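# A structural walkthrough
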Amino acid sequence: MSDIGDWFKSIPLITRYWFAASIVVPFIGKLGLVDFRNLMLFPELVLSRFHLWRPVTATLYFPITPNTGFLFMVNLYFLYHYSTRLETGAFDGRPADYVFMLLFNWICIVITGMLMNMRLLMIPLIMSVLYVWAQFNKDTIVSFWFGTRFKAHYLPWVILVFNFIIGGSFVNELTGNLVGHLYFFLMFKYPMDLGGRSFLSTPEFLYRFFPNRRGGVSGFGVPPSRPAAPEQAEGGGGRGRYNWGQGFRLGGE
C-alpha cells in the first residue's frame, strides 16, 4: 500500500485531484450512494431547477459496467498520462495557466454538452487535454496498437477514428478535439504564429491561488523557433516561452 501511496503523491497536484475525483465519483454512482442519474448532465434541470452541480459531476462521472469497464480504465490512463505530461512539461511551474486551460476547455465542453444533450463529459475534457498535448509534441513519434507509429499530431484523430470503428460513435472525441483546438489556436497559434491579438489570458486571481513556482512571473511569450529535443523540451518554466515535450501512447513506448 505504501508503494501505491507514494505513486499517488508523485502525481502533479492538479492532475492528482482530477484523477482522484474521476475515480471517486464513478464509484459513488456504482455503489448506489447517490443515484447515478443525479450525476449526469440534464440541461433542463440545470436551467430550470438550478442543479448547478451537474456540469461538474457529469465531467467526473462515468458508468462502470462489465461493458464499459475497459473504456473507463483507458480514460483514466489518458487522464493520468497526458495531464501529467502537460502539467510537468509545457505548463511546468505554471499551475495557474494549466488550471485556466482546464477551466476554459470545461466551460466550452459544458456549453456544447448542453446544446447537444450530452449526458457525460469525461471523455471530451480528457480528449481536449490530449489534443493540447499532441500540439505541443506534434513531431514526437508515438506508437498505437499493433505497432503502428506516427506523429503525435495525428494521435487525437487516430483515437477518434479507432473509437468510431469499434464503438460507432465519435461525438465525445470530436468535441474534445475541437475544444482543444480552439484553446490552442486562441492561446498560442493565432497570437504567436499568425501575429494576431491575444484573446485568452489567465486571470490574475488564479495566480494568487496557484502562484508560479519559478521566478514569480506568469503567462506565455514567444515559442521556440523549432521543437527542442523531446526530453530536454519538457519542463520549461516562467514567462517568455513554452516548450515541446515527449509522447507515449497506450500500447507502446
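Here the structure is a predicted model, which is why all the values come from computation and not from measurement. (Residues numbered from 1 in each chain as written. Predicted model: local features only at pLDDT ≥ 70, side-chain atom pairs only at ≥ 80, totals over all residues. Heavy atoms only, no water.)

## As for the overall build of the protein chain
To keep it simple, the criterion reads: Strands here mean DSSP runs of E at least two residues long; helices mean DSSP runs of H or I at least four residues long; both are numbered from the N terminus. Here, residues are in contact when the closest pair of their heavy atoms is within 4.5 Å. Accessible surface area values rest on a Shrake-Rupley calculation with a 1.4 Å probe, where residue burial reflects the displayed protein chains alone.
A count of helical and extended segments in the protein chain gives 11 helices and two strands. Taking all contacts inside the protein chain whose residues are at least 6 apart in sequence as the whole, residues at least 24 apart take part in 63%. Carbon and sulfur atoms make up 65% of the accessible area of the protein chain, which totals about 12,900 Å².

## A few points about the pattern of salt bridges
Note the threshold: Take a side-chain nitrogen of Lys or Arg and a carboxyl oxygen of Asp or Glu: if they are within 4 Å of each other, that pair is a salt bridge. Residue burial is assigned from relative accessible area. The probe radius is 1.4 Å, only protein chains are included, and a residue is buried under 20% of its type maximum, exposed over 50%, and partly exposed in between.
Enumeration according to the criterion identifies four salt bridges in this entry. Here Asp 35 makes a salt bridge to Arg 37, at a shortest N to O gap of 2.8 Å. Since its relative accessible area comes to 32%, Asp 35 is described here as partly exposed.

## Description of the packing of helix α2 (residues 13-30) against helix α5 (residues 69-88)
In helix packing, the relevant descriptors are the interaxial angle and the interaxial distance, both defined with respect to the helix axes. Counted only if it meets this: Axes here mean lines fitted to C-alpha atoms, for a helix over just the part in contact, with angles spanning 0 to 180 degrees between N-to-C directions. Our angle categories are set so that under 35 degrees counts as roughly parallel, over 145 as roughly antiparallel, 65 to 115 as roughly perpendicular, and the remainder as oblique. Left-handed describes a crossing whose near helix is turned anticlockwise from the far helix by less than a right angle; the clockwise case is right-handed. Gly is put with the polar residues, along with every residue not named as nonpolar or charged; the nonpolar set is Ala, Val, Leu, Ile, Met, Phe, Trp, Tyr, Cys and Pro, and the charged set is Asp, Glu, Lys and Arg.
Running from amino to carboxyl end, α2 crosses α5 at an angle of 165°, the nearest separation of the two axes being 9 Å. Comparing their axes, α5 and α2 come out roughly antiparallel. As α2 runs across α5, the sense of the crossing is right-handed. Taking contact as the criterion, the partners of Leu 13, Ile 14, Thr 15, Trp 18, Phe 19, Ser 22, Ile 23, Pro 26 and Phe 27 in α2 are, on α5, Phe 72, Leu 76, Leu 79, Tyr 80, Ser 83, Thr 84 and Glu 87. Grouping the constituent residues of the contact of α2 with α5 by class yields 11 nonpolar, four polar and one charged.

## Re unusual backbone geometry
Positive phi, close to 55°, is recorded for Phe 50, a residue that is not glycine. For Phe 50, the position within the fold is in the loop between α3 (43-48) and α4 (54-60). Classification of Phe 50 as exposed rests on a relative accessible area of 60%. If you check the backbone angles, Asn 117 has positive phi at about 55° while not being a glycine.

## Things to note about the UniProt feature "transmembrane region" (unreviewed entry) in the protein chain
The following threshold applies: UniProt positions are given in the numbering used here, feature names are shortened, and annotations may be inferred rather than shown by experiment.
In the UniProt entry, the feature "transmembrane region" (unreviewed entry) is given for residues 17-36, 56-78, 98-115, 120-136 and 156-188. Summarising residues 56-78: 65% helix, 0% strand, and an end-to-end C-alpha distance of 19 Å.

## Considerations on the environment of Val 110
Within the secondary structure, Val 110 is located in helix α6 (residues 95-115). Taking the C-alpha atoms as reference points, Val 110 and Thr 59, 51 residues apart in sequence, are found 8.5 Å from one another. Leaving out residues up to four positions away in the same chain, Val 110 has contacts with Pro 55 and Leu 121.

## Quick look at the nonpolar core
For the record, the criterion: Residues belong to one nonpolar core when they are buried, are Ala, Val, Leu, Ile, Met, Phe, Trp, Tyr or Cys, and are joined through side-chain atoms within 4.5 Å.
Judged by nonpolar contacts, the single largest core of 63 residues is most densely connected at Trp 18, Leu 86, Tyr 98, Met 101 and Tyr 183. Ranked by residues supplied to this core, first place goes to helix α7 (residues 122-136) with 11 residues. Non-local contacts of Leu 86, meaning those with residues more than four positions away in its chain, are made with Phe 91, Asp 92, Tyr 98, Met 101, Val 129, Val 132, Trp 133 and Phe 136.

## Points about the packing of α7 against helix α8 (residues 155-167)
Orientation of α7 relative to α8, taken along the N-to-C sense of each, is 140°, at an axis distance of 8 Å. Our classification of the angle between α7 and α8 gives oblique. Note on element contacts: α8 touches α7 through Leu 155, Pro 156, Trp 157 and Ile 159, opposite Met 127, Leu 130, Tyr 131, Trp 133 and Ala 134. Looking at side-chain class alone, the contact of α7 with α8 contains nine nonpolar, no polar and no charged residues.

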